[in-house]
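# Structural characterization, general
The chain contents come next:
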Amino acid sequence: MAKRNLGHEFIKGLWEEHPNFVMLIGLCPTLAVSTTAMNGLAMGIATTFVIVMSNILISLLRKVIPDEVRLPSYIIVVATFVTIVDLALKAYFPDIYRLLGIFIPLIVVNCIVLGRAEAFASRNGVVASALDGLGMGVGFTWGLVLLSAIRELLAKGAIFGYTVFGEGFHPIQIFGQAPGAFIILGFLVALVNFLNINAKRKRELKKISDRTLAA
Amino acid sequence: MPKLLLLFISSAVVNNFVLARFLGNCPFLGVSKEIKTSLGMGVATTFVMVMSGIVTWLLNHYILIPFELEYMQTIVFILTIATLVQFVEMVMKKNTPALHRALGIFLPLITTNCAVLGLAVMAVRENYSFIETVVFALGGGVGFSLALALMAGIREDMKEDLIPEAFRGPAIALITAGIMAMAFMGFTGILPS
């Protein structure tokens, strides 16, 4: 039983409680850095690192931190890991650092990170918290890569820098700019909603037919 | 003076924090269901933005730079902002309890509003002077409030509309925001290039 629960802590971030498409949090970096698939992937990995590490540390410290000052304490923990990412990217990946710009320090205020600390890591064990963080991070990353791949494809005719459409393709600039980000994310959220609504209907139909069969 | 005015217009409409720079999107979608609450949120955020712009500028120039502690910027800025938000919440609770009830859980969320931290970080990266930082923060706050109030107005109107089930709520709000962003791109021409 315990094992299945741990698996679930990981899985839930991938779809059921997907941070971007279902919970609608962490949208600013999602919209801002999703211009190319590579940017999206880099941002996803950086954020995943911060979520997992801060979830682990906060879970370890959850009995030490007094309740009244928990939010400032969480913020310091998160800000520390963000500073690590910031310095590491600056030193080893200056290109990525320049492209992601202010959105690296802004990982601190990504609601996913603080949200998981408050809602999960502050009341669960280390392993569960690490898995929860990993699930949310991977969920965030695939959402980001999907959105940025669609935008890159429409605005530049390429994915991860590799040209997909040939000479005849006319790039649609607007999808590389702000409006395109909002609109495509809107459609992706609607798509996820649509799939979830359909799945729910099917489950209910099945329940009814099972009951009729049993009767 | 014209330079400051241009900076204000740039940060309020042309490079609108929400619609062009993608900052502060969580409250933009979360608190934009009614015009009244969105205005309250806008005013509170603008106040915090200006205050934190001022305090972070002072901290950066009189403590972090002289002691070569610039790498501590993220941590110092976010703590300053968290403290300020706590302060605003206390003042609001005492003086305008109705507004405090209406904004509810969103008030502490100004801390995690990336428009506030983003402003502090951008002001440092752009090397703004003190007065420029204040104008930039004020413009950013006004732009944020403007986008929030416009969105709330549109969403109040949409309440009665027949929207496909899957698009209801955040999905249609995002697409609306996209169209608003397109309209805001029209302001680009105001600024001399």
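Cut-offs applied
- Starting from 1, residues in each chain are numbered consecutively following that chain's sequence as written.
- In the order they appear in the text, chains get letters beginning with A and ligands get numbers beginning with 1.
- Whole-chain, interface and lining totals are the exception, using all residues; otherwise, since this is a predicted model, local features are given only for residues with pLDDT of at least 70 and side-chain atom pairs are given and counted only at 80 or more.
- Heavy atoms from the whole structure form the basis of all side-chain values; hydrogens and water molecules are not counted.
- The predictor attaches a confidence to each residue, and that confidence, scored 0 to 100, is pLDDT.
- Secondary structure elements are taken from DSSP: a helix is a run of H or I of four residues or more, a strand is a run of E of two residues or more, and numbering for both begins at the N terminus.
- Between buried and exposed lies partly exposed: a residue is buried under 20% and exposed over 50% of the maximum accessible area for its type, with that area taken using a 1.4 Å probe on protein chains only.
- N or O atoms closer than or at 3.5 Å make up a polar contact, with two conditions inside protein: a donor-capable atom paired with an acceptor-capable one, and, for residues adjacent in sequence, both atoms drawn from side chains.
- Note on contacts: a residue pair is in contact if any heavy atoms of the two residues lie within 4.5 Å.
- Values labelled buried area give the accessible surface lost by two parts on being combined, using a 1.4 Å probe and summing over both.
- For this document, the term salt bridge refers to a Lys or Arg side-chain nitrogen within 4 Å of an Asp or Glu carboxyl oxygen.
- Amino acids are sorted into nonpolar (Ala, Val, Leu, Ile, Met, Phe, Trp, Tyr, Cys and Pro), charged (Asp, Glu, Lys and Arg) and polar (every other residue, Gly among them).
- We call a set of buried residues a nonpolar core when its members are Ala, Val, Leu, Ile, Met, Phe, Trp, Tyr or Cys and they connect through side-chain atoms within 4.5 Å of each other.
- One less than the residue count of a helix, multiplied by 1.5 Å, gives the span that helix is expected to have.
- By convention, a stacked pair of Phe, Tyr or Trp rings (six-membered ring in the case of Trp) has centres within 6.5 Å and planes under 30 degrees apart, an edge-to-face pair has planes over 60 apart, and any other such pair is tilted.
- A patch consists of residues whose relative accessible area exceeds 30% and which take part in no salt bridge; residues with like charges are grouped when within 9 Å of each other, and nonpolar side chains (Val, Leu, Ile, Met, Phe, Trp, Tyr) when within 5 Å.
- Each accessible area value is a Shrake-Rupley result obtained with a 1.4 Å probe; residue values ignore everything except the protein chains displayed when judging cover.
- Comment: axis = line fitted to C-alpha atoms, over the contacting stretch for helices; angle = value between 0 and 180 degrees taken between N-to-C directions.
- Small angles under 35 degrees read as roughly parallel and large ones over 145 as roughly antiparallel, with 65 to 115 read as roughly perpendicular and the rest as oblique.
- Crossing chirality is assigned from the near helix's rotation relative to the far helix, an anticlockwise turn below a right angle marking it left-handed and a clockwise turn marking it right-handed.

## Quick word on the confidence of the model for chain A
Confidence along chain A averages 90 in pLDDT terms, with 98% of residues attaining 70 or more. Across chain A, helix 3 (residues 37-60) of chain A holds the top mean pLDDT of 95, while helix 1 (residues 2-11) of chain A sits lowest at 74.

## A short note on the side chain of Asn113 of chain B
Residues and elements named next belong to chain B. Looking at the element boundaries, Asn113 is found in the loop between helix 5 (97-103) and helix 6 (114-125). Asn113 sits in the buried class, given a relative accessible area of 1%. A distance of 2.9 Å separates a polar atom in the side chain of Asn113 from the backbone nitrogen of Ala115. Aside from chain neighbours lying at most four places away, what touches Asn113 is Gly24, Pro27, Thr45 and Phe144.

## Quick notes on the interface of chain A and chain B
Every contact between the two is made by 41 residues of chain A and, on the other side, 37 residues of chain B. The three residues of chain A that bury the most area against chain B are Cys28, Val109 and Phe182 of chain A, which together make up 20% of that side's buried surface. Counting across the chain A and chain B interface gives one salt bridge. Glu165 of chain B is the partner of Arg201 of chain A in a salt bridge, and the nearest nitrogen-oxygen pair spans 2.9 Å. Elements with a minimum of two residues in the side of chain A that touches chain B: helix 2 (27-32), helix 4 (70-92), helix 6 (111-119) and helix 8 (178-214) of chain A. The leading source of residues in the side of chain A that touches chain B is helix 8 of chain A, at 14 residues. Looking at the side of chain A that touches chain B residue by residue, the classes come out as 32 nonpolar, seven polar and two charged.

## Topic: the nonpolar core
Within the largest apolar cluster, 107 residues are counted, with the highest numbers of intra-cluster contacts made by Phe103 of chain A together with Leu19, Leu23, Phe28 and Leu117 of chain B. Leave out the neighbours within four places in its chain, and Phe103 of chain A touches Cys28, Pro29, Ala32, Val33 and Met43 of chain A together with Arg21, Phe22 and Leu23 of chain B.

## Topic: helix 8 (residues 170-185) of chain B
Owing to its 3.6 residues per turn, the α-helix aligns residues three or four sequence positions apart on the same side. With 16 residues, helix 8 of chain B should cover 22 Å at 1.5 Å per step; its first-to-last C-alpha distance of 22 Å lies within 8% of that length. All of the buried residues in helix 8 of chain B are Ala171, Ala173, Leu174, Ile175, Thr176, Ala177, Gly178, Met180, Ala181 and Phe184 of chain B. For helix 8 of chain B, the elements touching its buried residues are helix 8 of chain A together with helix 1 (2-14), helix 2 (25-30) and helix 7 (130-158) of chain B.

## Points about the packing of aromatic side chains
On inspection of all chains with the given rule, the structure shows ten aromatic pairs over all chains. Here Phe182 of chain A and Phe22 of chain B contribute two aromatic rings whose centre-to-centre distance is 5.5 Å and whose plane-to-plane angle is 45°, an arrangement assigned as tilted. A residue pair is termed interchain when its members come from two chains, as with Phe182 of chain A in helix 8 and Phe22 of chain B in the loop between helix 1 and helix 2. Taken individually, Phe182 of chain A and Phe22 of chain B each receive the classification buried, so the pair is uniform in this respect. With centroids separated by 5.4 Å and ring planes inclined at 70°, the aromatic side chains of Phe184 of chain B and Phe187 of chain B adopt a geometry described as edge-to-face. The class for Phe184 of chain B is buried, based on a relative accessible area of 8%. Judged by relative accessible area, which is 31%, Phe187 of chain B ranks as partly exposed. By the ring-pair criterion, three or more aromatic residues cluster together here, those being Trp15, Phe21 and Trp142 of chain A.

## Concerning the side chain of Glu9 of chain A
All names here are of chain A. In this fold, Glu9 is placed in helix 1. Under the relative-accessibility criterion, Glu9 is labelled buried at 16%. Apart from the residues lying within four places of it in its own chain, the contact partners of Glu9 are Phe120, Ala128, Leu131 and Asp132.

## Points about a nonpolar patch on the surface
A contiguous nonpolar patch, built from Leu6, Leu57, Leu60, Leu61, Val64, Val126 and Val127 of chain A and spanning about 540 Å² of accessible area, is present on the exposed surface. The class for Leu60 of chain A is exposed, based on a relative accessible area of 52%.

## Side note on the environment of Asp210 of chain A
Residues and elements named next belong to chain A. The topology assignment puts Asp210 in helix 8. Judged by its relative accessible area of 39%, Asp210 falls in the partly exposed class. The spatial distance from the C-alpha of Asp210 to the C-alpha of Pro29 is 45 Å, given a sequence separation of 181 residues.

## Remarks on the packing of helix 7 (residues 126-156) of chain A against helix 8 of chain A
Residues and elements named next belong to chain A. Close contact between helix 7 and helix 8 brings their axes to 10 Å; oriented N to C, the two are set at 125°. With respect to helix 8, the element helix 7 is oriented oblique. The interaxial crossing formed by helix 7 with helix 8 has right-handed handedness. Of the residues in helix 8, those in contact with Leu146, Leu147, Ile150, Arg151 and Leu154 of helix 7 are Gly180, Ala181, Ile184, Leu185 and Leu188. Among the residues making up the contact of helix 7 with helix 8, the classes are represented as eight nonpolar, one polar and one charged.

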